[in-house]
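Listed below, chain by chain, are the residues.
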Amino acid sequence: MLRVTCPTCGTRPYEEFRYGSLFPVTPDSITDPDARQVDHAWMQDNVAGPITERWFHEAGCRRWFTAVRDTRTDAWSQPD
Ligand SMILES: [Zn+2]
């Protein structure tokens, strides 16, 4: 079973969480508002390795947090 570590509640079952987005969401080099929305919605890199994401602990403390997840192993850690 996949487990996620919330900085407030500790390690909990994956089903308690809701995925937010990659973080940072859109590069600062894209300044046009329409282009930023397209980049956010459709231009994912599909990285094999550590990525930084935003998650929401929906069935727990109901707080957003940033986590680093290795897409190859689903190992979680907190960003530096
Ligand atoms: Zn929590």
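Let us look at the structure shown here. (Residues numbered from 1 in each chain as written. Predicted model: local features only at pLDDT ≥ 70, side-chain atom pairs only at ≥ 80, totals over all residues.)

Some thoughts on unusual backbone geometry
Now for step 1: Positioned with a positive phi, R62 is a non-glycine residue whose angle comes to about 60°.
Now for step 2: Tracing the sequence through the fold places R62 in the loop between β4 (50–56) and β5 (64–70).
Now for step 3: In this model, D74 sits at a positive phi of 60°, which is unusual for a non-glycine residue.
Now for step 4: Structurally, D74 is set in the loop between β5 and β6 (76–77).
Now for step 5: Residue classification places D74 among the exposed positions, given that 11 C-beta atoms sit within 10 Å. (Helix = DSSP H or I, 4+ residues; strand = E, 2+ residues; numbered from the N terminus. Buried ≥ 20, exposed ≤ 12 C-beta atoms within 10 Å, placed from the backbone.)

Some thoughts on the sheet that holds strand β3 (residues 18–22)
Now for step 1: Read from one edge of the open sheet, four strands run β3-β4-β5-β6, paired in antiparallel fashion. Looking along the sheet, the strands with just one partner apiece sit at the ends: β3 and β6.
Now for step 2: As paired elements, β5 and β6 share two bridges and run antiparallel to each other. Counted as the bridge partner of R69 is W76 from β6. (Pairing = 2+ DSSP bridges.)

Some words on the pairing of β5
Now for step 1: When β4 meets β5, the two strands line up antiparallel, connected through seven bridges. Looking across to β5, one finds that W55 is bridged to F65.
Now for step 2: Here β5 hands over to β6 after five residues, with D74 in that stretch at a positive phi of 60°.

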